[in-house]
Amino acid sequence: IEKPNMGAVRAAVNADHSKNLKNREDIIFFSGRLPSDDGKGTVGSVFIINADSRAEAQAFSDEDAYTRAGVFESVRITRVKKGRFKPEILDQLKE
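Residues numbered from 1 in each chain as written. Predicted model: local features only at pLDDT ≥ 70, side-chain atom pairs only at ≥ 80, totals over all residues. Heavy atoms only, no water.

> Would you mind going over the overall build of the protein chain in detail, with residue names and values included?
Assigned secondary structure in the protein chain consists of 3 helices and 2 strands. Starting at the N terminus and walking to the C terminus, you meet the elements of the protein chain as α-β-β-α-α. Projecting the C-alpha coordinates of the protein chain onto the three principal axes gives extents of approximately 35 × 35 × 20 Å. Contacts in the protein chain between residues at least 24 apart in sequence constitute 52% of all its contacts with a sequence separation of at least 6. Split by element, the accessible area of the protein chain, about 7,600 Å² in all, is 51% carbon and sulfur. Put simply, the protein chain has 16 plus and 15 minus side-chain charges, and the middle of one group is 4 Å from the middle of the other. (Helix = DSSP H or I, 4+ residues; strand = E, 2+ residues; numbered from the N terminus. Contact = heavy atoms within 4.5 Å. Areas by Shrake-Rupley, 256 points an atom, 1.4 Å probe, with all protein chains shown as cover. Lys, Arg positive; Asp, Glu negative; His and termini not counted. Charge placed at Lys NZ, Arg CZ, Asp CG, Glu CD.)

> Account for the side chain of Ser45, naming residues and giving values.
Along the polypeptide, Ser45 turns up in strand E2 (residues 42-49). Among the polar contacts listed, one links the side chain of Ser45 to the side chain of Arg10, at a separation of 3.3 Å. With near-sequence residues (within four places) excluded, Ser45 lies in contact with Arg10, Gly32, Leu34, Tyr66 and Phe72. (Polar contact = N/O pair within 3.5 Å; in protein donor to acceptor, adjacent residues only side chain to side chain.)

> Give a description of the side chain of His17 that names residues and reports values.
Within the element layout of this structure, His17 appears in helix H1 (residues 7-23). Setting aside residues no more than four positions away along its own chain, His17 makes contact with Phe47, Asp64, Ala65 and Tyr66.

> So what about the nonpolar core? Which residues, and what values?
Residues Met6, Val13, Ala65, Tyr66, Val71 and Phe72 constitute the largest nonpolar core, which totals 6 residues. Once residues within four sequence positions are removed from consideration, Val13 is found in contact with Ala65, Tyr66 and Ala69. (Core = buried A, V, L, I, M, F, W, Y, C linked by side-chain atoms within 4.5 Å. Buried < 20%, exposed > 50% of the residue type's maximum accessible area, 1.4 Å probe, protein only.)

> Give a detailed account of the packing of aromatic side chains, specifying residues and quantitative values.
All chains considered together, the criterion is met by 3 aromatic pairs. On the numbers, 5.4 Å between centres and 70 degrees between planes, the contact of Phe47 with Phe60 is edge-to-face. Here Phe60 lies in helix H2 (residues 54-62) and Phe47 lies in strand E2, a separation of 13 residues in the sequence. Overall, the relative accessible area of 28% leaves Phe47 in the partly exposed class. Consider the rings of Tyr66 and Phe72, whose centres lie 6.3 Å apart with planes at 70 degrees: the pair is edge-to-face. The pair Tyr66 / Phe72 is uniform in exposure class, with both members buried. (Phe/Tyr/Trp six-rings, centres within 6.5 Å; stacked < 30°, edge-to-face > 60°.)

As structure tokens, this is what we get:
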């Protein structure tokens, strides 16, 4: 979850953030921006990655440009066990 009013900081490091994600595509299953309820701002980011350990997941977060720039108020790392998975609904999702 982002700290309030971090749009300028996020924009300043976005190129580094995108470059890092491109370099880590091998472990990223899903990622996306968390828009505010009105859709005009950003409240955070979500990543689902394939990590072998909590330490690897923490390192992924720590090396992100947004993390290094202090954009996030909090970061939560947790394990997920696949339950329902319906990739066919991806075409129905709105941006």
